[in-house]
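# Working through the structure, step by step
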Amino acid sequence: RLLSALRRRCHLAGKRLSGPGLAAEGRVLHAVLYAYHSRLLRHRPYLALQQVEQCLKRLWKMDLVGCLETLLGLIPKKNASQAHAECLVPSQPVLETVALKVLGGSKLILRLLDCCCKAFLLSVKHLCSEEFILLNTVASGLLSRLWFVIQYRCVLQTLVSLYSALSTVLQLVSETQQAPYIRGFTFPSDIGDFLGVNVSAEAKKQKAKMLTTKKSTSWMKKLFPAMPEALSKIGKKRKAETCTGAVENHSTPCAVDIGVVVP
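Since the structure is predicted, the reported quantities are computational estimates derived from the model, not experimental observations.

Right, let's talk about the overall build of the protein chain for a bit. When helices and strands are counted, the protein chain shows 12 helices and 0 strands. Element order for the protein chain, N to C, with α for helix and β for strand: α-α-α-α-α-α-α-α-α-α-α-α. Within the span of the protein chain, comprising 263 residues, buried residues form 39% of the whole.

This is the structure in structure tokens:
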């Protein structure tokens, strides 16, 4: 029963970590940082975006998905007739390695969420100051999507649940035949003690900060003033090309991202 639960949670965690959402947002983030690298080396939102990218790079580099797939291959599949039969189980070194990576991955994702929240708040702050309008608009949308993908797919919660199953199996295996591989480190029985925060409470706190920042729309009205009624009526009668020309002839200061505070 414990092995079956561990198999299900390993499969679910690997599926959520390898989903297209995280990879796609990571590629977009890399493209944005590359496009603005030569112009915004000292810009605070840009530096915050770099921290987000570093967390994503470290998450992929630790190859947590590959480690979970290896563990899945070692867990035997049982049918009803073999439920009470003897079977081989993953060794203590394998379980310890996976458990250590799950702990590190959970800590890293928690840091990633915190970096996303801080970078989002900085982007909105500079956007309200009308600085680097194009970059900060893209960054705020990208960061909110990345944060939402991790929370909506419950990536961190899935790893917490996986560690609980891993810890139980690891304890039983070590009691049966002790073969410790990682020395000088005590595996916590509760991952919450290792993370130092309550996962659900921290997510609600970050969400409240982001929603509080987004509630004010006065700066949007300032950046994109309402079109005069007469011009609006004329625009409805013209073709798309004519409307585009009219907008270019009456361009506002925010039409071009000039890289400085718009007067």
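Quick look at the packing of aromatic side chains now. A complete count under the given rule lists 1 aromatic pair for this structure. Each ring, one from F185 and one from F187, has its centre 5.1 Å from the other, and the planes form 85°; the classification is edge-to-face. For K107, the ring lying beneath its charged end belongs to F194, and the centroid distance is 5.6 Å.

What the rule picks out here adds up to 0 disulfides. No disulfide involves C67; its nearest neighbouring cysteine sulfur is the one of C10, lying 8.7 Å away. You can see C117 has no disulfide; the closest cysteine sulfur is in C116, sitting 8.7 Å from it. For C117, a relative accessible area of 3% corresponds to the buried category.

Time to look at the packing of helix α3 (residues 44–61) against helix α6 (residues 133–152). In a packed pair of helices, the relevant descriptors are the angle between the two axes and the axis-to-axis distance. In contact at an axis separation of 11 Å, α3 and α6 are set at 30° when each is read in the N-to-C sense. On the basis of the axis angle, α3 is roughly parallel to α6. Crossing geometry of α3 relative to α6 is assigned as left-handed. From α3, P45, L49, V52 and L56 reach across to α6, where they touch L135, N136, A139, L143 and L146. Of the residues in the contact of α3 with α6, the class split is 8 nonpolar, 1 polar and no charged.

Moving on, we come to the nonpolar core. Judged by nonpolar contacts, the single largest core of 68 residues is most densely connected at L6, V52, L68, V102, L162 and L166. Residues in contact with L68, not counting those within four places in the same chain, are C10, A13, G14, L17, V98, V102 and L162.

This part is about the confidence of the model for the protein chain. Detailed conclusions should not be drawn from predicted coordinates in areas where pLDDT is low. Mean pLDDT over the protein chain stands at 76; residues scoring 70 or higher make up 77%. Across the protein chain, element-level confidence peaks in helix α4 (residues 64–74) with a mean pLDDT of 89 and bottoms out in helix α12 (residues 240–249) with 42. Confidence drops under pLDDT 50 across residues 229–263; counting only partners more than four residues distant or on other chains, this segment forms 21 contacts.

Opposite charge on two side chains permits pairing when their charged atoms draw close. One pass over the full model with this rule turns up 3 salt bridges. Close ionic contact of R145 with E25 constitutes a salt bridge, the shortest N to O distance being 3.1 Å. Of this pair, R145 sits in helix α6 while E25 sits in helix α2 (residues 20–35), and the two are 120 residues apart along the sequence. Judged by relative accessible area, which is 40%, R145 ranks as partly exposed. Taking the shortest distance from any N to any O, the salt bridge between D114 and K118 comes out at 3.3 Å. Highlighted residues: D114 and K118, both in helix α5 (residues 92–128), separated by 4 residues, approximately one helical turn. Since its relative accessible area comes to 49%, K118 is described here as partly exposed. Connected via shared salt-bridge partners are R111, D114 and K118.

Structurally, S106 is set in helix α5. Not counting chain neighbours up to four residues away, the residues in contact with S106 comprise L156, L159, I191 and L195.

Moving on, we come to the side chain of S123. With respect to the helices and strands, S123 occurs in helix α5. Ignoring anything within four residues of it in the chain, the contact list for S123 reads P45, N136, A139, S140 and L143.

Conventions used here
- Residues numbered from 1 in each chain as written.
- Predicted model: local features only at pLDDT ≥ 70, side-chain atom pairs only at ≥ 80, totals over all residues.
- Heavy atoms only, no water.
- Helix = DSSP H or I, 4+ residues; strand = E, 2+ residues; numbered from the N terminus.
- Buried < 20%, exposed > 50% of the residue type's maximum accessible area, 1.4 Å probe, protein only.
- Phe/Tyr/Trp six-rings, centres within 6.5 Å; stacked < 30°, edge-to-face > 60°.
- Lys NZ or Arg CZ within 6 Å of the ring centre and 35° of its normal.
- Disulfide = S-S within 2.5 Å.
- Axes fitted to C-alpha atoms, helices over the stretch in contact; angles between N-to-C directions.
- Parallel < 35°, antiparallel > 145°, perpendicular 65-115°, else oblique.
- Left-handed = near helix turned anticlockwise from the far one by under 90°.
- Contact = heavy atoms within 4.5 Å.
- Nonpolar A, V, L, I, M, F, W, Y, C, P; charged D, E, K, R; others polar.
- Core = buried A, V, L, I, M, F, W, Y, C linked by side-chain atoms within 4.5 Å.
- pLDDT = per-residue confidence, 0-100.
- Salt bridge = Lys/Arg side-chain N within 4 Å of Asp/Glu carboxyl O.

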